[in-house]
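The residues making up each chain are set out below.
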Amino acid sequence: MATDSEYEIALNEYGSKATKAKAKSATASPYQTSLSLYSAGMLLVKAAGCTHTAESMNHAIVPESNVGTGWTPSNYYYDHDSWGTFLTGTYGFFSLIEGKFQQSVATSGKDIASFSGTYEFTKDNSSLDALTQLHYVNYSVTFVKTGTYSYSCSFLLSDVYDFDWNEYDNFAVDFGNNYCKVMQDNGYIAPFNIYIVGDM
C-alpha cells in the first residue's frame, strides 16, 4: 500500500496528465485523449497498491492502429510466483481447498484427485488488488499422493480480464471499472486471459 506522500505524488501526476490531455484534446484523437487519462488512472491504481491490476490495465491496451480490427492482447501468465502463492494462501481460498481435500482425498486415500469450481476474491477475503484484477476466477486443483501421509498439490486459476457495468462498495473502484468499460466498448482496451499456475 502506498504512503500518503506516494499517493499524493501519484495524484499530482494524474492531475498533470489530465490537464495535458484536456489541453491536447482539441488536436488529439479521442483514442489519444482517452488513453492519456487511462494511463494517468494506472498511476493511481498502482499507488493504491494494486500493482497486478495496473499490469493488466497496461496489457489490455489496444494499439491505436489496431482499434476496430479485432486485435486482442496475448494471454498473461503468472507461473509459480509470489502472486499465485498469495492468492492460494488467503484464508478463504485455502479453507475451500482444504475442505475439498479432506472430503474427497484424505478420507478415501486416492492416489490422484482433481476438482474445480469458481471462487470470488474480495477486498475482505484477499486484497483490493485481487478484487480489481481478478474478482471471479475459475480454479482447478490436483492432488497427487507422494507418500503414506503426504500429497503434492498443483493449481490453475484462470480469468478473463474484462469489464462489465458494475457497482462496488468503493467509489474509486466503481468509477475506474466503469471508465474501463467505456474504454473497452470503444475498442481502446480489449479482454484477455489470465492464467495463474503453481503449487500449494
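Thresholds applied
- Residues numbered from 1 in each chain as written.
- Predicted model: local features only at pLDDT ≥ 70, side-chain atom pairs only at ≥ 80, totals over all residues.
- Heavy atoms only, no water.
- Core = buried A, V, L, I, M, F, W, Y, C linked by side-chain atoms within 4.5 Å.
- Buried < 20%, exposed > 50% of the residue type's maximum accessible area, 1.4 Å probe, protein only.
- Helix = DSSP H or I, 4+ residues; strand = E, 2+ residues; numbered from the N terminus.
- Contact = heavy atoms within 4.5 Å.
- Polar contact = N/O pair within 3.5 Å; in protein donor to acceptor, adjacent residues only side chain to side chain.

Enquirer: Any chance you could explain the nonpolar core here in plain terms?
Expert: Considering soluble globular proteins, one finds that nonpolar side chains tend to be buried as a cluster. Residues Y38, L157 and I196 are the most contacted members of the largest nonpolar core, which totals 36 residues. Those elements giving two or more residues to this core turn out to be α2 (30–47), α4 (82–89), α5 (91–106), β2 (112–120), β3 (136–145), β4 (151–161), α7 (171–185) and β5 (192–199). Aside from chain neighbours lying at most four places away, what touches I196 is Y78, W83, G84, L87, L134, F155, L156 and L157.

Enquirer: What am I meant to see in the side chain of S126 here?
Expert: By the element assignment, S126 lies in the loop between β2 and α6 (128–133). Judged by relative accessible area, S126 falls into the buried class, the value being 17%. Polar contacts involving the side chain of S126 include one to the main-chain carbonyl oxygen of T122, which spans 2.7 Å. Here N125 takes part through its side chain, which lies 3.1 Å from a polar atom of the side chain of S126. Dropping the residues within four chain positions of it, S126 is found in contact with F86, T90 and F121.

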